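Report on the structure
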Amino acid sequence: MIDSTALRLTGRDALSLLHRIGTNAVADLAPGQARAPLFCAFRGRLLHRALIGASADGAVWLFRDDAPGATLAAFLDRHIFRDDVRIEDRSEQLSVRWVIDDRQLSPGTFAEREGVPLGLRLESGETLVVGAADGRTGERERIRAGRAAHGHEIAEAFNPFEVGLGHEVHLDKGCFTGQETLMRLITYKSVKRRLARVSGAGAAPGVPADLSADAQPAGVLTSAVADGVGWIGLAVLRNEVCDPPRALELPGGAVIGRPDPLPLTRPLGRSTGRDTPRGALGDD
């Protein structure tokens, strides 16, 4: 099974389509540049995430290392009406993998050679390498980095702010699916959950798993993998169990360590300069 995505979009409306339906501003993406839009459902819930790069020949490439291309291609195709956009799924020919701390590419750039993509790096430093089938970075490293993944944190149960992807939402870029809900969450400071690292002893539990604190619902364990004699994982937790961190319990009563909340990321826009003001995510 192909478990990574490489889609090539051509046609004069390719970038405008991605700008219209994605959370990030990409209409001005120039050849050689890279950015990451999210694609949400009507109520701001996460459906897809991709890293995109603009090619010198006018094409736009979409990449991800953790989900097959067919589902994203079908999602995009449903939004094409009179747009001049053609989608080619190159996932079988081009494997995609995430690499840690790769400094060969400058932030915000997309590299290619004679029209063949080589890789891209976001301003945040996140880097995907294209066309290399070996050396895939493991689940343990992903969790340690706090990186959201499809089928785990990138899922319809969550919105971008809850899983550390708020910086890939631009609230002033124009309408997109889910914008009204995401705007309301920021305006009324009503983001109630956040992403955190967790760990425990023994075998890694199955995911997703409901977590509790003091016999009250605390959140969801979304990722878990063996680490030494125990395990590490990621969880989407209610704010009140993260500040201050409180002991958590798995189903059945097993107690795990206190969570290590990941830094909050804020959306761009809302006429406040480049970033949303402090407190917008409930962190006064």
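This report concerns the structure included in the present document. These figures come from a predicted structure and were not determined experimentally.

If you look at the biggest cluster of nonpolar residues, it comprises 24 residues, and the most contacted ones within it are Leu46, Phe161, Val163, Leu165, Val169, Leu171 and Leu182. The element that contributes the greatest number of residues to this core is helix H4 (residues 179-187), accounting for four residues. Other than its neighbours up to four places away in sequence, Leu165 contacts Leu38, Leu46, Arg49, Ala148, Ile154, Pro160 and Thr265. Listed in part, the 21 residues of the second largest apolar core include Ile21, Ala50, Ile52 and Leu72.

Next up on the list: the pairing of strand S5 (residues 51-54). Of the two faces of S5, the one holding Leu51 and Gly53 and the one holding Ile52 and Ala54 are both buried throughout. Judged from the two bridges that link them, strand S2 (residues 34-35) and S5 form a sheet pairing that is antiparallel. Note that in S5 the partner of Ala34 across the bridge is Gly53. Of the pairings in the sheet, the one linking S5 to strand S6 (residues 60-64) comprises four bridges and is antiparallel in character. Its bridge partner lying in S6, Ala54 is registered against Val60. Adjacent in sequence and paired antiparallel, S5 and S6 are bridged by five residues, among which Gly58 carries a positive phi angle near 95°.

Turning next to the packing of aromatic side chains. A complete count under the given rule lists three aromatic pairs for this structure. On the numbers, 5.6 Å between centres and 55° between planes, the contact of Phe39 with Phe75 is tilted. Within this pair, whereas Phe39 is found in strand S3 (residues 38-40), its partner Phe75 is found in helix H2 (residues 69-78), the two being separated by 36 residues in sequence. For Phe39, a relative accessible area of 0% corresponds to the buried category. An angle of 5° between the planes, with centres 5.8 Å apart, marks the rings of Trp61 and Phe63 as stacked. In this structure Trp61 comes out as buried when scored by relative accessible area, which is 1%. Phe63 gets classed as buried once you look at its relative accessible area, which sits at 0%. Counting every residue linked through ring pairs, the aromatic cluster contains Trp61, Phe63 and Phe110.

The rules behind these values
- Residues numbered from 1 in each chain as written.
- Predicted model: local features only at pLDDT ≥ 70, side-chain atom pairs only at ≥ 80, totals over all residues.
- Heavy atoms only, no water.
- Core = buried A, V, L, I, M, F, W, Y, C linked by side-chain atoms within 4.5 Å.
- Buried < 20%, exposed > 50% of the residue type's maximum accessible area, 1.4 Å probe, protein only.
- Helix = DSSP H or I, 4+ residues; strand = E, 2+ residues; numbered from the N terminus.
- Contact = heavy atoms within 4.5 Å.
- Pairing = 2+ DSSP bridges.
- Phe/Tyr/Trp six-rings, centres within 6.5 Å; stacked < 30°, edge-to-face > 60°.

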